[in-house]
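Each chain, letter by letter, is given below.
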Amino acid sequence: MSEVAPLVFIVDDDAAVLKSLKRLLGASGFDVETFASPLAFLDREAPDRPACVILDLSMPDLDGLGVHKAIVERDWPCSVVILTGHGDIPSRVQAMNLGAVDFLTKPVDGDVLITALNEALERQSQAFEIRSHHEDLKSRFEPLTARESEVMEMVVNGSLNKQIAHELGISEKTVKAHRAKVMHKTGARSLASLVQLYFELRQSGASDRDTPA
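Residues numbered from 1 in each chain as written. Predicted model: local features only at pLDDT ≥ 70, side-chain atom pairs only at ≥ 80, totals over all residues. Heavy atoms only, no water.

**Description of the overall build of the protein**
Logical step 1: What the protein contains, in helices and strands, is nine helices and five strands.
Logical step 2: When the helices and strands of the protein are placed in sequence order, the string is β-α-β-α-β-α-β-α-β-α-α-α-α-α.
Logical step 3: The C-alpha radius of gyration computed for the protein amounts to 24 Å, which surpasses the reference 17 Å derived for 213 residues by more than 25%, pointing to a less compact arrangement than a globule.
Logical step 4: In terms of its C-alpha atoms, the protein occupies a principal-axis envelope of roughly 75 × 40 × 25 Å.
Logical step 5: As displayed, the protein offers around 11800 Å² of accessible surface, 51% of which is attributable to carbon and sulfur atoms.
Logical step 6: A gap of 10 Å separates the mean positions of the 23 positive and 32 negative side-chain charges of the protein. (Helix = DSSP H or I, 4+ residues; strand = E, 2+ residues; numbered from the N terminus. Rg over C-alpha atoms; globule rule 2.2 N^0.38 Å. Areas by Shrake-Rupley, 256 points an atom, 1.4 Å probe, with all protein chains shown as cover. Lys, Arg positive; Asp, Glu negative; His and termini not counted. Charge placed at Lys NZ, Arg CZ, Asp CG, Glu CD.)

**Topic: the sheet that holds strand β1 (residues 7-11)**
Logical step 1: Spatially, five strands are ordered β2-β1-β3-β4-β5 in an open sheet, and the strand pairing comes out parallel. For this open sheet the edge positions go to β2 (31-35) and β5 (102-105), each flanked by a neighbour on one side alone. Taking each pair of neighbouring strands and ignoring which way they run, the sheet shows an average axis angle of 20°.
Logical step 2: Across the sheet, helix α1 (residues 15-27) lies against β1, β2, β3 (51-56) and β4 (78-84), angled at about 170° from β2, the strand it touches most. (Pairing = 2+ DSSP bridges. Axes fitted to C-alpha atoms, helices over the stretch in contact; angles between N-to-C directions. Contact = heavy atoms within 4.5 Å.)

**Examining the packing of aromatic side chains**
Logical step 1: Tallied over the full model, the rule gives five aromatic pairs.
Logical step 2: On the basis of an interplanar angle of 70° and a centroid distance of 5.3 Å, the ring pair of Phe35 and Phe41 is categorised as edge-to-face.
Logical step 3: According to the relative accessible area criterion, Phe41 is buried, its value standing at 0%.
Logical step 4: Each residue in the set Phe9, Phe35, Phe41 and Trp76 is aromatic and connected to the rest through ring pairs, giving one cluster. (Phe/Tyr/Trp six-rings, centres within 6.5 Å; stacked < 30°, edge-to-face > 60°. Buried < 20%, exposed > 50% of the residue type's maximum accessible area, 1.4 Å probe, protein only.)

**Comments concerning helix α3 (residues 64-74)**
Logical step 1: Those residues of α3 lying buried are Gly64, Leu65, Gly66, Val67, His68, Ala70 and Ile71.
Logical step 2: Buried residues along α3 sit against α2 (38-42), β3, β4 and α4 (89-97).
Logical step 3: For α3, the capping residue at the N-terminal end is Asp63, with a side-chain oxygen 3.2 Å from the backbone nitrogen of Leu65.
Logical step 4: In the segment just after α3, Asp75 is the residue with positive phi, at about 60°. (Polar contact = N/O pair within 3.5 Å; in protein donor to acceptor, adjacent residues only side chain to side chain.)

**Some details on the nonpolar core**
Logical step 1: Grouped together as the largest cluster of nonpolar side chains are 22 residues, with contacts concentrated most on Phe9, Phe41, Val53, Leu55, Ile71 and Ile82.
Logical step 2: Of all elements in the fold, only β1, α2, β3, α3 and β4 reach the threshold of two or more residues within this core.
Logical step 3: No other element matches the four residues that α3 contributes to this core.
Logical step 4: Residues contacting Ile82, with those up to four places away along its chain left out, are Leu55, Leu57, Gly64, Ala95, Ala100, Asp102, Phe103 and Leu104.
Logical step 5: In terms of nonpolar packing, the next biggest core, distinct from the first, is built from 20 residues, Val32, Val81, Leu113 and Ile114 among them. (Core = buried A, V, L, I, M, F, W, Y, C linked by side-chain atoms within 4.5 Å.)

**Examining the pairing of β1**
Logical step 1: Taking burial as the measure, the five residues of β1 include five buried ones, the bulk of the element.
Logical step 2: Burial along β1 is two-sided: the face carrying Leu7, Phe9 and Val11 and the face carrying Val8 and Ile10 are both buried.
Logical step 3: By the bridge criterion, five bridges tie β1 to β2 in an arrangement that is parallel. In the strand pairing of β2, Val8 is matched with Val32.
Logical step 4: Traced from β1 through α1 to β2, the parallel crossover comes out right-handed.
Logical step 5: Looking at chain direction, β1 and β3 are connected through five bridges and run parallel. Paired with Ile10 across the two strands is Ile54, which belongs to β3. (Right-handed = clockwise from strand over helix to strand, strands pointing away.)

**Notes on the packing of helix α6 (residues 146-156) against helix α7 (residues 161-168)**
Logical step 1: Remark: α6 packs on α7, axes separated minimally by 10 Å, with the N-to-C direction vectors making an angle of 135°. The angle between the axes of α6 and α7 places the two elements in the oblique class. Note on packing geometry: the crossing formed by α6 with α7 is right-handed. In this structure, α6 contributes Arg147, Glu150, Val151, Met154 and Val155 to the contact, and α7 contributes Ile164, Glu167 and Leu168.
Logical step 2: Classifying every residue of the contact of α6 with α7 gives five nonpolar, no polar and three charged. (Parallel < 35°, antiparallel > 145°, perpendicular 65-115°, else oblique. Left-handed = near helix turned anticlockwise from the far one by under 90°. Nonpolar A, V, L, I, M, F, W, Y, C, P; charged D, E, K, R; others polar.)

Written out as structure tokens, the structure is:
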């Protein structure tokens, strides 16, 4: 299977800019989508892979910083590069505070833009991998029942079956049955593996349910 091309969105109300940048980036191996309206871009579904958005700073309806804020609020897997014909220091500071990878002035040099895009996509790919891992952790633990979670938490904190049975008022046989279900549902192949998954889940904050302190 061939590798999927890097995804880049261009949001700019200047048709000439959209056309020239799409031609440049398409020839450089990027998968490009263009939007003449910031609202049209925000109406799009969230991308399902790492992406970068090239945003014009000054646009009608919503400026580039407003679009960037919406991307951050929606937690889309997109890095941002700002383009502007008349940038100022406050705008640059705002963009960088929002996490923009670069703030470039029009007309932008093609090599400079591609370098910024590669950096942005690399950064987003790393974040996407972390997010995917968090989602995988979450999906492993979500099927557990309340009782299975209770048993699991005691197991990973070092309690023996006998201690768990006494604490919960159930038989050791029942404890073993719950442990077996925990191992099966989480896909853990050993106690050490379960402990590692459990503490990764706590550290990542990937779980919607409360975890013990």
